[in-house]
Amino acid sequence: MRKGSADRVVVAWTIVGLLVSVAYPFMRDGTPAAAVVYNSFTLATLAVIIAGIRRNRPGQRAGWYVFAVAVLVRLLGDVTYEIYRQVLHQSPFPSLADVFYLGACPLLVAGTLMVSRGRFGRDWAGMLDAAVIAGGLSLVWWVFVIGPLAADGSVPWGQRIIGAAYPALDLLLLALVARLLTRAGRPTASLTLLTVGMGTLLASDVAYQVVTTYATDMEGAVAVGWLVSNTVWGAAALHRSSREPAPEVTRADHSLGRTRLAVLAACTLLVPVLLFVQGLTVGSSRLNWLAIGVGAVVLFLLVMARMSGFVSQVQRQARQLEELALCDALTELPNRRVFEERLAAVAATGNPLVAMLDLDGFKDVNDRLGHAVGDRLLAVVAGRLAGALREGDLVARMGGDEFAVLVGTGSPATMAGIVERLGAALRRPIEAGGHELLIGASIGSADGEGTTDAGEVLRRADIAMYAAKEAGGGRHRHYTADLDARAGEQAQLGAEIRTALDTGQFRVVYQPIVSLPDGRIVSVEALVRWEHPERGFVSPAEFIPVAEQNGLIVELGAWILRTACAQAVMWRDTLGDHAPERMSVNVSARQLAEPGFTAVVAEVLAWTGLGARHLIVEVTETAVFGGGQAVQTVQELHDLGVRIALDDFGTGHSSLGLLQTVPVDILKVDKSFVDTITMAGRHAVIATALIQVSNGLGLMAVAEGVETAEQAAELYRLGYRLAQGYHFGRPVAEPDFLGVPTVVR
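Okay, so let's go over this structure. Note that this is a predicted model, so its numbers are computed, not measured.

Each value, and the rule that gives it
- Residues numbered from 1 in each chain as written.
- Predicted model: local features only at pLDDT ≥ 70, side-chain atom pairs only at ≥ 80, totals over all residues.
- Heavy atoms only, no water.
- Helix = DSSP H or I, 4+ residues; strand = E, 2+ residues; numbered from the N terminus.
- Expected span 1.5 Å × (residues − 1).
- Buried < 20%, exposed > 50% of the residue type's maximum accessible area, 1.4 Å probe, protein only.
- Axes fitted to C-alpha atoms, helices over the stretch in contact; angles between N-to-C directions.
- Contact = heavy atoms within 4.5 Å.
- Nonpolar A, V, L, I, M, F, W, Y, C, P; charged D, E, K, R; others polar.
- Parallel < 35°, antiparallel > 145°, perpendicular 65-115°, else oblique.
- Polar contact = N/O pair within 3.5 Å; in protein donor to acceptor, adjacent residues only side chain to side chain.
- Core = buried A, V, L, I, M, F, W, Y, C linked by side-chain atoms within 4.5 Å.

**Some details on helix α16 (residues 454–470)**
Phase 1 of the analysis: The end-to-end C-alpha separation of α16 is 24 Å, in line with the 24 Å expected for 17 residues at 1.5 Å each.
Phase 2 of the analysis: Taken across its 17 residues, α16 has 13 buried, putting it largely inside the fold.

**Thoughts on the packing of helix α9 (residues 258–268) against helix α10 (residues 270–281)**
Phase 1 of the analysis: In the contact formed by α9 and α10, the axes pass within 5 Å of each other and the chain directions differ by 35°. Of α10, the residues touching α9 (which contributes Ala-266, Cys-267 and Thr-268) are Leu-270, Val-271 and Pro-272.
Phase 2 of the analysis: The residue inventory of the contact of α9 with α10, partitioned by class, reads five nonpolar, one polar and no charged.

**Some thoughts on the packing of helix α2 (residues 32–56) against helix α3 (residues 61–87)**
Phase 1 of the analysis: Put simply, α2 and α3 touch, their axes get as near as 10 Å, and they point 170° apart. The angle between α2 and α3 falls in the class roughly antiparallel. Along its contact with α2, which presents Pro-32, Ala-35, Tyr-38, Asn-39, Thr-42, Leu-43, Leu-46, Ile-49, Ile-50 and Ile-53, the element α3 presents Arg-61, Trp-64, Tyr-65, Phe-67, Ala-68, Val-71, Leu-72, Leu-75, Asp-78, Val-79, Glu-82 and Gln-86.
Phase 2 of the analysis: When its residues are assigned to classes, the contact of α2 with α3 shows 16 nonpolar, three polar and three charged.

**Observations concerning the side chain of Arg-582**
Phase 1 of the analysis: By secondary structure assignment, the location of Arg-582 is in strand β11 (residues 582–586).
Phase 2 of the analysis: Taking the relative accessible area as the measure of exposure, Arg-582 reaches 14% and is therefore buried.
Phase 3 of the analysis: One polar contact links Arg-582 to Glu-581, side chain to side chain, over a distance of 3.4 Å.
Phase 4 of the analysis: Beyond its immediate stretch of four places on either side in the chain, Arg-582 contacts Val-522, Ser-523, Val-524, Arg-613, His-614, Ile-616 and Arg-643.

**A word on the nonpolar core**
Phase 1 of the analysis: Judged by nonpolar contacts, the single largest core of 102 residues is most densely connected at Phe-339, Leu-615 and Tyr-720.
Phase 2 of the analysis: Among the elements that take part in this core, helix α20 (residues 552–575) stands out by supplying ten residues, more than any other.
Phase 3 of the analysis: Sequence-distant contacts of Tyr-720, that is, excluding residues within four places in its chain, are made with Leu-516, Val-669, Ala-687, Leu-690, Ile-691, Ala-701, Ala-703 and Leu-715.

Function cannot be inferred from these measures alone, as they are strictly geometric.
Laid out in structure tokens, this is it:
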């Protein structure tokens with residue numbers, strides 16, 4: 001049967017059931033016609049439930065069949081009731097009908113629990129919540145209904161037992177409905193309908209208890225609720241969601257929300273409310289102290305158990321968050337934070353031994369085989385490093401392909417032995433993604449002799465590692481006092497770049513790019529500057545190549561991108577039309593080689609709110625000359641809407657050929673062609689040719705390194721309409737966007 005036809009069956013049955021329920025009060029209760037209609041509909045409900053079981057074949061068929069038996073037993077009770085009332089003309093209470101009615105209730109509860117059993121699982125929180133709700137309401141029901149019925153001496157004991165059994169079984173229904181409403185996880189439509197049916201049955205039973213005491217002529221109206229219950233039960237069985245597997249119950253489903261907390265609090269407060277109400281109505285001497293006292297103790301224990309579970313859940317989640325904060329997700333090793341804390345503790349009381357490891361050739365693995373293989377390689381390396389250490393030693397992933405080892409006590413000879421084991425562990429081939437890989441490591445070690453500063457120990461190991469890498473990789477260098485002087489500037493600078501990133505020594509400045517001839521600032525180029533606490537100003541020409549080599553350019557470049565884009569948005573918000581239209585950011589070859597770089601740019605744009613068309617990414621000819629991942633990344637950025645500028649154009653490889661393979665929007669003419677542009681003869685020929693190429697291809701051209709008014713005037717005469725250089729403004733943190741522009745004449 002098609003899904004649409006199954007839906008029509010459910011709708012049709014529901015409409016029929018609701019019509020019968022609405023029409024029944026207009027029939028005279030106690031007549032044969034009313035009895036036939038009521039019992040015929042119950043029989044139809046039984047048939048519909050069985051038909052639904054056969055159609056949908058639910059996984060909990062046994063539960064549905066038990067539920068069907070419960071409906072059958074209720075039907076037998078209804079038929080017996082009418083026989084006593086209309087055939088034998090005897091009072092149906094007490095009678096055989098009560099046996100059927102009382103027997104049907106446990107079957108209904110059992111069937112419902114069996115149907116919903118898979119959906120509950122080990123939902124202890126939901127069970128406790130249901131117990132609190134049922135306990136509070138049951139106490140009210142006991143005090144005002146069951147207790148008075150059981151204590152009424154004017155009624156024979158047999159009738160008292162049967163009369164009290166009905167509200168007692170209603171407590172069972174109350175507990176079931178509370179459990180269904182507090183279940184964890186999102187219920188299926190079928191289970192929701194089943195819950196509605198049980199809730200309607202409970203409400204009708206409670207109403208019947210009231211009606212039989214105060215308004216016996218309203219019994220027919222109460223029967224409407226029982227008819228609605230039958231209707232909803234039939235729809236639950238017919239609905240196709242009854243065949244769906246039980247959803248998993250997760251710990252996230254056990255949360256204690258505001259609504260649930262308010263309900264639990266209200267049920268707990270029923271104890272003092274009962275004391276207050278009974279004290280006003282019957283006096284303190286006739287208070288049902290025993291029932292209220294027992295109820296108060298039970299509710300207190302249930303709430304304590306629930307709060308204990310809630311506190312345990314919060315503590316468990318706190319531990320999980322702490323583990324996530326201290327653990328590297330990929331390798332499951334401790335992270336940099338854990339390592340630095342342990343190192344600081346050891347350095348304060350002893351002489352720590354530290355080794356820093358950087359994998360040789362890892363970038364090539366990532367570029368050639370993909371990040372999935374690279375990640376698997378890192379995980380295997382982490383396991384091998386951990387296996388090569390002694391108990392009590394620590395290995396941590398510091399980031400990227402860098403690992404660190406902390407040996408609490410020992411001598412340099414001890415560390416040398418550990419380093420040998422680490423190297424041997426990495427020399428064995430590694431299986432990753434169907435590839436057999438050989439990987440080495442450059443290792444630098446250091447001790448804490450003469451210092452208690454953990455940062456100094458780590459710096460020494462860093463310098464030793466970069467010295468080993470500079471010597472060709474696959475080597476071990478131990479830090480000595482004269483290594484700072486003897487080690488290459490590149491090795492020491494690499495370690496200090498890491499420190500500069502961690503301590504915020506870098507800053508971004510912006511150089512204007514102006515339109516000619518009016519000198520209006522239309523864009524700015526973001527440039528990084530480093531104020532070293534000891535060296536003073538360090539030129540980008542010194543540290544950028546080092547950062548390229550050791551891979552820190554990826555982290556540094558991402559920081560520059562975020563800072564520049566955030567600044568561009570701030571200027572647009574504060575300066576309006578006076579703000580630069582575009583922000584230009586340099587991107588290195590190492591960044592372009594990262595397959596995830598486009599995602600980084602997209603994330604920064606989304607985070608800052610800067611439109612892609614307002615960002616220019618500057619790349620050098622050398623960075624994209626080799627093609628491959630770099631060109632693919634540039635294409636992805638261009639597709640994102642980012643403009644691409646080819647920097648230092650004319651100085652690299654096959655410049656004109658690159659224009660056919662790389663999506664370029666802007667050519668930045670190198671300063672070397674601008675320096676001699678005012679000289680007579682052939683000096684201006686190349687600059688002239690470049691602007692002609694730019695115009696012919698529909699590209700924008702920016703003349704770089706303009707330092708004099710004469711150069712600016714000549715460039716404008718040749719056709720350049722954008723220029724950049726000291727003549728128009730030096731790189732500063734806040735260019736003067738509102739000042740008088742430098743007009744070219």
